[in-house]
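Survey of secondary and tertiary structure
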Amino acid sequence: MGSGAGRGTGLRTSRVGLVQDFAPGEHGIVEAALADLKVLGVRELRTRVSWAEALTPEGARWYRWLMRRLSQDVCVLPCLVGTPSAANQDPKAFGDFVEGFLAEHGRFVEWVELWDEPCSLASYDWRMDPTWESFSALVAEGARRAHAAGKRVVLGGMSPVDPLWLNLVLERVGPDALDAVGVHGWPDTHDTPWTGWDAWLEPVRDVLGRHGSRAEVWITAAGYSTWRHGERRQVAEFLDAAAAPVARMYWDGLYDAGSVEDVVPEGADERDLYLGLKRADGGMKLLYRLWAESGLVGLAEGLRQLAQPRGVRPERQVVVFGGAGFIGCNVANSYLEEGRRVLVYDNLSRPGVEKNLRWLKERHGDRLDVEVADIRDAASVRRAVRHAGEVFHFGAQVAVTTSLDAPTHDFEVNARGTFNVLEALRDMETPAPLVFTSTNKVYGGLPGLRFVAGEHRYEPLDPDIRAQGISERCSLDFESPYGCSKGTADQYVLDWARSFGLRATVFRMSCIYGPRQFGTEDQGWVAHFLIRALKGQPITLYGDGMQVRDVLFVEDLVRAFRLAQARMDEVSGEAFNIGGGPTRAISLLELLELIEELVGHRPDVRHEDWRTGDQRYYVSDTRKFQAATGWAPQVGVREGVTRLLGWLGEMLERRAPRQSVSREPLALETFAG
C-alpha cells in the first residue's frame with residue numbers, strides 16, 4: 001500500500017503520505033482531497049481526530065462519516081489529539097477515548113498516532129506537567145488499549161526533536177509500548193536551526209537504542225512554507241524528506257491554510273499558512289504539478305530538468321522575467337536561436353509553463369540559465385540582473401477575475417514586483433534597457449466609445465477609430481484591481497525613464513496568440529476556443545459574441561520587442577499600443593466561423609449575460625510604434641489561427657494518454673483581451 005516510489009529515485013521511504021486535517025462538516029473538502037490524492041497516486045493520509053470533538057454528538061457523527069469515507073480510498077493514520085489542558089486528565093479517560101474510537105473505527109485503520117507535537121504549548125500545556133509524568137501515563141494507557149485492539153502505535157511527532165524529552169517518556173512507558181516514534185521537521189521554515197534530516201533523526205535513534213526499543217522512526221509531518229514564494233525549494237525539501245532514512249514520511253500538507261488576503265490571527269505564525277501543495281484558491285504549486293505529471297519516481301528528474309546551477313556569467317545576458325510563460329519563452333527562444341545567452345526568471349506558478357521551460361532546455365541546453373524565483377523577492381531580482389544586457393519584464397498576475405478575488409496578491413505581483421525590477425536596474429552601474437508589457441485594460445471599459453452593431457460584429461461610429469483603432473491618446477481609466485495594478489506598473493516604468501533616465505518602454509498589449517500557448521484562462525481566448533473545438537467541448541460567451549478584438553501572432557510581437565530594444569534610445573519613456581490593428585481585428589462570432597471552417601464542425605456555444613466592464617470593441621492603433629521603428633505585423637489571422645491549430649493538435653495528441661480536459665464551459669471575460 002505504498003506510494004509507488006521506485007529504485008533510482010533517491011527515495012528511501014517505503015511509504016510517502018500526506019497530511020490534511022478536516023473540520024466537522026467539511027464534506028466537500030474531503031472529496032476534493034481524495035480526488036487530489038488520486039491524481040498524485042498517494043495512498044497514505046494522516047489526519048487529526050480531536051478527543052474533545054469526538055465526545056460531542058456532532059463530532060461523533062462527523063468522525064463516523066469521515067473514517068468510513070477516507071478508508072474507501074486511502075490508508076488512514078488517525079492522529080488522536082487532546083487539548084492543552086489534558087495535563088489534568090485521567091489516563092483512564094484518554095484510554096477510554098482510544099478504546100471507544102477503535103471499537104467503532106478500528107476496522108478502517110492499522111495504526112494510531114497518540115498526540116501531536118506534545119512539546120508545543122498549543123497541543124499540551126506541559127507547564128502543568130513539568131516532569132511529563134501525566135503525559136506519559138496518558139500515552140501508556142492509550143497504547144495499552146490500542147494494542148489490546150490489535151493496533152500499532154506511533155508516538156506523536158516531536159518538533160523540534162528533543163532527545164531528553166523522548167528519554168523521559170520512554171523511561172515511563174517502557175520500550176515496548178511504542179511501535180514507532182514520530183518526528184516533525186520544517187526545514188528553514190520556523191526559527192529552529194535546520195541541520196538536515198540525518199542530524200535531526202540521529203538523537204532519536206540513539207535514545208531508542210539505549211532503551212532497547214525496536215520502534216520504527218517516522219516523519220509524521222514535514223513541510224516547507226512558500227510564504228516567501230519558494231516553490232522550487234519546496235520541491236527540493238520534499239525530495240530530501242522523502243529520501244530520509246525512516247519507515248514513513250508524511251508531507252504537510254495538501255492545502256494552504258490561508259492566503260495573503262487573510263488577516264493573520266494574533267499570535268499565529270504566517271509561515272504556517274503556506275505549507276500546502278495547493279494554494280488556498282485551488283491553484284497548484286510546482287510540487288503538485290510535477291508530482292501529478294511525473295509521479296514520485298520522476299519527481300527528482302522533473303526538478304532537475306527545470307533548473308540548473310548558474311555560475312558567474314561575465315558576458316551580458318538577455319534576462320526575461322516571466323520567461324517560462326507563453327510570450328516569454330518565445331522571446332527567449334528568439335535570442336537563444338542566435339546563440340545569445342538567456343536567463344529565464346520565473347516562479348513557475350502557472351500550470352503548463354514548466355513544459356515551455358523544458359522545451360527551451362531541450363532546444364538550447366547550456367545557453368539557457370534558469371532562476372526559479374519570484375519577482376516579489378527583491379534580492380533575487382537584483383541578483384538576476386547583475387549581468388543583464390537587455391531585460392524583458394512579462395512576470396505578472398494576468399487575470400481580472402483573480403484580481404477581484406485576491407487584490408493584495410495582484411498588487412504585490414504586478415505593482416511591487418515591477419518596482420523591484422525597476423530598482424534592481426537602477427542599482428546597476430550601467431542599467432540594462434527594459435521592455436515592459438502592460439495591458440489595454442489601462443484604458444478601462446471605454447465608456448465614451450459609441451458603436452453600431454453589424455451582422456457579426458460591433459463597429460465604432462468614429463471613422464478614425466474604425467480605420468485606425470484606439471491610440472495612446474485615449475484617456476487612462478484603470479478599472480478592476482488588475483487594471484489598477486498593471487496601470488500602476490505602466491506609469492512607474494514611464495516615470496523611472498523620466499525621473500532617473502532608465503531606458504525603458506511600455507507595450508500596452510492587445511490579444512496575442514500562437515505556439516506555446518496552452519489555452520488556460522490566463523493565456524488567451526483564441527487558444528481556448530481552438531482547444532474546446534478540438535476536444536468537442538462547449539464554449540460560453542458572455543454577451544452576443546459580436547465583441548471585437550485585434551489579434552497579433554506571437555512572432556510579430558517578438559519582432560516588435562526586439563526592434564524596441566534595438567531602438568531603445570528612440571522609444572524610451574514612451575508607451576505603445578500593440579496588437580494586430582484593424583486589419584487583424586475579429587469578432588468572437590467570426591472566429592467561431594473560421595474555426596468551423598478549419599476544424600470541420602462548429603463548437604457548441606452557450607450564451608450568458610454581459611458582465612460588468614466587458615469591452616464591446618478594442619482594436620489597437622499601432623501607428624505610433626510603426627512610425628518609430630518601421631514595424632508592421634506580417635502574419636494574417638487565417639494563417640496564424642491555422643498554425644496555432646496545428647501546434648495545439650500535436651500537443652493534445654501527445655498529452656492525451658496522461659491528461660483530460662475539464663468538461664465545464666469556460667468563461668470568456670478573462671481571455672477576451
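Data block above holds the structure.
What you see is a predicted model; the values in this text were computed from it and never measured. (Residues numbered from 1 in each chain as written. Predicted model: local features only at pLDDT ≥ 70, side-chain atom pairs only at ≥ 80, totals over all residues. Heavy atoms only, no water.)

1. Comments concerning the overall build of the protein
Broken down by element type, the protein carries 22 helices and 23 strands. What you see for the protein is a C-alpha radius of gyration of 29 Å, in line with the 26 Å of a compact globule of 673 residues. Overall, the C-alpha framework of the protein stretches about 90 × 55 × 45 Å when taken along its three principal axes. Within the protein, buried positions represent 56% of all 673 residues. (Helix = DSSP H or I, 4+ residues; strand = E, 2+ residues; numbered from the N terminus. Rg over C-alpha atoms; globule rule 2.2 N^0.38 Å. Buried < 20%, exposed > 50% of the residue type's maximum accessible area, 1.4 Å probe, protein only.)

2. Some thoughts on the pairing of strand S6 (residues 180–185)
A large share of S6 lies buried, amounting to 6 of its 6 residues. Alternating positions in S6 separate into two faces, Ala180, Gly182 and His184 on one and Val181, Val183 and Gly185 on the other, with burial throughout. Direction of pairing for strand S5 (residues 152–158) relative to S6: parallel, over a ladder of 3 bridges. Opposite Val154, over in S6, you have Ala180 as the bridge partner. (Pairing = 2+ DSSP bridges.)

3. Description of the sheet that holds strand S2 (residues 44–50)
Read around the closed barrel, the 8 strands follow the order S1-S2-S3-S4-S5-S6-S7-S8; overall the barrel is parallel. In this sheet, neighbouring strand axes are inclined to one another by 30 degrees on average, regardless of whether the strands run parallel or antiparallel. Pairing of strand S3 (residues 75–81) with strand S4 (residues 111–114), which is carried by 2 bridges, proceeds in the parallel orientation. Its bridge partner lying in S4, Cys79 is registered against Glu113. Strands S5 and S6 of the sheet are contacted by helix H6 (residues 163–173), whose axis makes an angle of about 150 degrees with S5. Packed on one face of the sheet, helix H7 (residues 197–210) meets S5, S6 and strand S7 (216–222) and runs near 155 degrees to S6. (Axes fitted to C-alpha atoms, helices over the stretch in contact; angles between N-to-C directions. Contact = heavy atoms within 4.5 Å.)

4. Quick notes on a negative patch on the surface
A grouping of Asp198, Glu202, Asp206 and Asp240 is seen on the molecular surface, where their side chains present a negatively charged patch. Among the elements that line the negative patch, the one with the most residues is H7, at 3 residues. With respect to the helices, strands and loops of the structure, Asp240 is situated in helix H8 (residues 231–242). Relative accessible area serves as the criterion here: at 37%, Asp240 is assigned to the partly exposed category. (Patch = residues over 30% accessible without salt bridge, like charges linked within 9 Å, V, L, I, M, F, W, Y side chains within 5 Å. Areas by Shrake-Rupley, 256 points an atom, 1.4 Å probe, with all protein chains shown as cover. Salt bridge = Lys/Arg side-chain N within 4 Å of Asp/Glu carboxyl O. Lys, Arg positive; Asp, Glu negative; His and termini not counted. Charge placed at Lys NZ, Arg CZ, Asp CG, Glu CD.)

5. Some words on the pattern of salt bridges
Under the counting rule described, the total for this entry stands at 42 salt bridges. Between Asp96 and Lys92 there is a salt bridge, with its nearest N and O atoms 3.0 Å apart. Of this pair, Asp96 and Lys92 both sit in helix H4 (residues 91–105), 4 residues apart, which is roughly one turn of that helix. Taking the relative accessible area as the measure of exposure, Asp96 reaches 34% and is therefore partly exposed. Glu597 serves as the salt-bridge partner of Arg638, at 2.9 Å between the closest nitrogen and oxygen. Of this pair, Arg638 sits in helix H22 (residues 637–655) while Glu597 sits in helix H20 (residues 588–599), and the two are 41 residues apart along the sequence.

6. As for the environment of Glu639
Structurally, Glu639 is set in helix H22. Its relative accessible area of 40% is what places Glu639 among the partly exposed residues. Sequence separation between Glu639 and Phe553 is 86 residues; the distance between their C-alpha atoms is 9.3 Å.

7. Some points on unusual backbone geometry
Following Ser159, the chain continues into Pro160 via a peptide bond in cis, with omega recorded as -5 degrees. Of note, Pro160 is situated in the loop between S5 and H6. Phi at Trp115 takes a positive value of approximately 80 degrees, unusual for a residue other than glycine. Considering the arrangement of structural elements, one finds Trp115 in the loop between S4 and helix H5 (133–148).

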